[in-house]
Amino acid sequence: MTVATQLFDLTDRAILITGASRGIGLAMARACGAHGATVVLNGRNAEALQSRVDELTAEGIRAEAEAFDVTDEAAGRAALERIVGRHGRLWGLIANAGVQHRVPVLDFPTEDFRRVVDTNLTACFTLGRDAARYMVEAGGGRIVNTVSMLGPQARPTVPAYIAAKEGLRALTRAMAVELGSKGITVNAVAPGYVATEMNTALIENTEFNAWVVGKTPLGRWADPAELGGAAVYLMADAGSFVSGQILGIDGGMSVQV
Ligand code: GCO
Ligand code: CA
């Protein structure tokens, strides 16, 4: 193997990706799998998940399914136990699962605010903490959280999402400073506007679509596949000294006024 390929080789590394039945999570799972990882796809719907696993397997990727709701701590711990049982260790966690809820703040229901924060922030804490316990035992590992370009920047009607994703940026740094001595790096990828099912309503809205295209220096939405490379980098030897970082993948949108 050349130095070049070793830098991005994920052979024999088991990586759990939450929210992996579609969109960014599926793209990151596919990219890591293409670089040799055994990718464990998580989602709430077991059938949809198995379909994705079958697709990746047909592409020559070692893929497995672990269906659970990330807000169910006990289910997450049971899945981690099974994965470590099958593979000896969990190399990486990509805590990507997230939900969106769009309502003007003055009308935003408390229960929806709690639900978004519970999935987009608290579940990343509980699963990240529980995965890190296994990584400590194994002498190290990698955690990547999916945050968002939104956080430092805001737009109307998504207060819960923005608050949760900004909190997840801070959690990434908090975990990085504690887990470094255990050989665990903790980073985040911050997507801009990506053409995923979660954003279908926005893409189909002519005005919103024009806003995104106009506000993005690259002048377009991202394809989910364009998030895969960052996941490989942060899971690979190439990223071995990167921790506490937020890697923006937004076509330049976060820096354009
Ligand atoms: C929205 C979108 C955003 C994008 C992305 C932007 O309603 O504005 O869903 O949340 O998904 O997170 O960075
Ligand atoms: Ca997003």
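Residues numbered from 1 in each chain as written. Chains lettered and ligands numbered in written order. Predicted model: local features only at pLDDT ≥ 70, side-chain atom pairs only at ≥ 80, totals over all residues. Heavy atoms only, no water.

Looking at an unreviewed UniProt entry, the protein carries the name Gluconate 5-dehydrogenase, with the source organism given as Thalassobaculum litoreum DSM 18839. According to UniProt, the comment filed for the protein under the heading Sequence similarities (unreviewed entry) is "Belongs to the short-chain dehydrogenases/reductases (SDR) family." (UniProt positions renumbered as here; feature names shortened; annotations may be inferred.)

K.L.:
A description of a nonpolar patch on the surface should follow, citing residues and the corresponding values.
P.N.:
A contiguous nonpolar surface patch, about 270 Å² in accessible area, is contributed by Val3, Leu7 and Phe8. Examined against the element boundaries, Phe8 turns out to sit in the loop between α1 (3-7) and β1 (14-17). The exposure class of Phe8 is partly exposed, given its relative accessible area of 33%. (Patch = residues over 30% accessible without salt bridge, like charges linked within 9 Å, V, L, I, M, F, W, Y side chains within 5 Å. Areas by Shrake-Rupley, 256 points an atom, 1.4 Å probe, with all protein chains shown as cover. Salt bridge = Lys/Arg side-chain N within 4 Å of Asp/Glu carboxyl O. Helix = DSSP H or I, 4+ residues; strand = E, 2+ residues; numbered from the N terminus. Buried < 20%, exposed > 50% of the residue type's maximum accessible area, 1.4 Å probe, protein only.)

K.L.:
Lay out the pairing of strand β3 (residues 62-67) with the relevant residues and their values.
P.N.:
Relative to β3, strand β2 (residues 38-43) is paired through six bridges, and the arrangement is parallel. Note on β3: the bridge partner recorded for Asn42 is Glu66. In this view, the connection linking β2 to its parallel neighbour β3 by way of helix α3 (residues 46-58) has right-handed handedness. (Pairing = 2+ DSSP bridges. Right-handed = clockwise from strand over helix to strand, strands pointing away.)

K.L.:
Account for the site of ligand 1, with residues named and values stated.
P.N.:
In the region of ligand 1, 14 residues are neighbours, and Arg102, Ser148, Arg155, Tyr161 and Asn199 sit closest. At 2.6 Å, a side-chain N or O of Arg155 approaches an oxygen atom of ligand 1. Of all the cavities here, the one that holds ligand 1 is the largest pocket. Tallied by class, the residues present in the shell around ligand 1 amount to eight nonpolar, four polar and two charged. (Near = heavy atom within 4 Å. Polar contact = N/O pair within 3.5 Å; in protein donor to acceptor, adjacent residues only side chain to side chain. 1 Å grid on protein atoms, 1.4 Å probe; cavity = no way out; pocket = protein on both sides within 12 Å on 5 of 7 lines; lining within 4 Å. Sits in = over half its atoms within 2 Å of the grid points. Nonpolar A, V, L, I, M, F, W, Y, C, P; charged D, E, K, R; others polar.)

K.L.:
If you had to explain empty space enclosed by the protein to someone new, which residues and values would you point to?
P.N.:
Evaluated as defined, the whole model comprises two cavities of 30 Å³ or more. Within this model, the largest cavity holds a volume of roughly 40 Å³. With four residues, helix α5 (residues 110-138) is the largest single contributor of residues to the lining of the largest cavity. Its residues assigned to classes, the lining of the largest cavity shows six nonpolar, two polar and no charged. (Points joined across faces, edges and corners; volume = space filled by probe spheres on them.)

K.L.:
Tell me about helix α6 (residues 159-179), residues and numbers included.
P.N.:
With 21 residues, α6 should reach 30 Å at 1.5 Å per residue; the first-to-last C-alpha distance of 30 Å fits that figure. Within the span of α6, buried status applies to Ala160, Tyr161, Ile162, Ala164, Lys165, Leu168, Arg169, Leu171, Thr172, Met175, Ala176 and Leu179. Buried residues in α6 make contact with α5, β5 (141-146), β6 (184-191) and β7 (246-249). (Expected span 1.5 Å × (residues − 1). Contact = heavy atoms within 4.5 Å.)

K.L.:
Can you explain the packing of helix α2 (residues 23-34) against helix α9 (residues 228-235)? Please cite residues and give values.
P.N.:
With their axes 8 Å apart at the nearest point, α2 and α9 run at an angle of 55° to one another. In terms of orientation, α2 and α9 fall into the oblique class. For the crossing formed where α2 meets α9, the hand is right-handed. Between α2 and α9, the residues in contact are Ala27, Met28, Ala31 and Cys32 and Gly228, Ala231, Val232 and Met235, respectively. (Axes fitted to C-alpha atoms, helices over the stretch in contact; angles between N-to-C directions. Parallel < 35°, antiparallel > 145°, perpendicular 65-115°, else oblique. Left-handed = near helix turned anticlockwise from the far one by under 90°.)

K.L.:
Explain the sheet that holds β3 to me, using residue names and the numbers behind them.
P.N.:
Here seven strands make up an open sheet; going across it, the order is β3-β2-β1-β4-β5-β6-β7 and the pairing parallel. The outermost strands of the open sheet, each flanked by one partner alone, are β3 and β7. Sheet twist, expressed as the average angle between the axes of neighbouring strands with direction ignored, equals 20°. Sheet contacts for helix α4 (residues 73-87): β1, β2 and β3; angle to β3, the most-contacted strand, approximately 155°.

K.L.:
Would you mind going over the packing of aromatic side chains in detail, with residue names and values included?
P.N.:
Using the criterion set out here, one finds five aromatic pairs in the structure. A centroid spacing of 6.3 Å and a plane angle of 80° characterise the contact between Phe108 and Phe113, whose relative ring orientation is edge-to-face. A relative accessible area of 12% places Phe108 in the buried class. On the basis of relative accessible area, Phe113 is assigned to the partly exposed category, the value being 34%. Both rings, one in Tyr193 and one in Trp221, keep their centres 5.6 Å apart while their planes meet at 85°; by these two values the pair is edge-to-face. Separated by 28 residues along the polypeptide, Tyr193 in the loop between β6 and α7 (200-203) and Trp221 in the loop between α8 (206-215) and α9 bring together distant segments of the chain. The two residues Tyr193 and Trp221 agree in class, both being buried. Grouping aromatic residues by their ring pairs yields a cluster made of Tyr193, Phe208, Trp211 and Trp221. A cation sits over an aromatic face here: Arg13 above Trp91, 4.1 Å from the ring centre. (Phe/Tyr/Trp six-rings, centres within 6.5 Å; stacked < 30°, edge-to-face > 60°. Lys NZ or Arg CZ within 6 Å of the ring centre and 35° of its normal.)

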